[in-house]
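# Descriptive analysis of the structure
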Amino acid sequence: MSGSTRIRADLPVAQRAPAVCCSPLAQPDMTGAEAEVTARLFKALSDPSRVLIVNLLANSDGAVCVCDLNVQIDLSQPTLSHHLKKLVASGLLTREQRGVWAFYDVDRAALARLGTVFQIDRATERSLT
């Protein structure tokens, strides 16, 4: 969130950038823009703490309060907030403000799209061997 942006704590807000991922790596004629979007998502998951956060949220029944994440993940509050901000910006997590607390959830559609990046059809597979 930029320094000039303010969120009213009394309004529910869902903040996220949509994860428009991903083009399969075996896709012919991948564009530079498609490669950049895919790389951005992998970069968001390049930190073990972020992978742990996504794993924890993927196994939860719904959105989780940041206060509960602080208890479950061995990170300082500022470090946890930094990682959550990166994951929300990548589009992998959603954030909703409920009063003074922020709640985070996995964007399951984004994770499903991310999973398609490794799909290789038989013709492509034969040409790679």
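Residues numbered from 1 in each chain as written. Predicted model: local features only at pLDDT ≥ 70, side-chain atom pairs only at ≥ 80, totals over all residues. Heavy atoms only, no water.

## So, the side chain of Ser60
- Here Ser60 lies in the loop between α2 (48–58) and β2 (64–65).
- Judged by its relative accessible area of 17%, Ser60 falls in the buried class.
- At a separation of 2.8 Å, a polar atom in the side chain of Ser60 contacts the main-chain carbonyl oxygen of Leu57.
- A polar contact is formed between the side chain of Ser60 and the backbone oxygen of Gly62, at a distance of 2.7 Å. (Helix = DSSP H or I, 4+ residues; strand = E, 2+ residues; numbered from the N terminus. Buried < 20%, exposed > 50% of the residue type's maximum accessible area, 1.4 Å probe, protein only. Polar contact = N/O pair within 3.5 Å; in protein donor to acceptor, adjacent residues only side chain to side chain.)

## Section: the packing of α2 against helix α4 (residues 77–90)
- Closest axis-to-axis distance for the α2/α4 pair is 10 Å, and the angle between their directions is 75°. Considering the angle they form, α2 stands roughly perpendicular to α4. Residues Ser49, Arg50, Ile53 and Val54 of α2 form the contact with α4, whose participating residues are Leu80, His82, His83, Leu84, Lys86 and Leu87. (Axes fitted to C-alpha atoms, helices over the stretch in contact; angles between N-to-C directions. Parallel < 35°, antiparallel > 145°, perpendicular 65-115°, else oblique. Contact = heavy atoms within 4.5 Å.)

## Quick word on the side chain of Arg50
- Counting through the fold element by element, Arg50 comes out in helix α2.
- One buried charge, Arg50, has no salt-bridge partner; the nearest side chain with opposite charge is Asp47, at 5.1 Å.
- Excluding its chain neighbours within four sequence positions, the residues that come into contact with Arg50 are Lys43, Ala44, His82, His83, Lys86 and Leu87. (Lys, Arg positive; Asp, Glu negative; His and termini not counted. Salt bridge = Lys/Arg side-chain N within 4 Å of Asp/Glu carboxyl O.)

## Topic: the pattern of salt bridges
- Taken as a whole and judged by the stated rule, the model has two salt bridges.
- Taking the shortest distance from any N to any O, the salt bridge between Glu96 and Arg98 comes out at 3.5 Å.
- Since its relative accessible area comes to 38%, Arg98 is described here as partly exposed.

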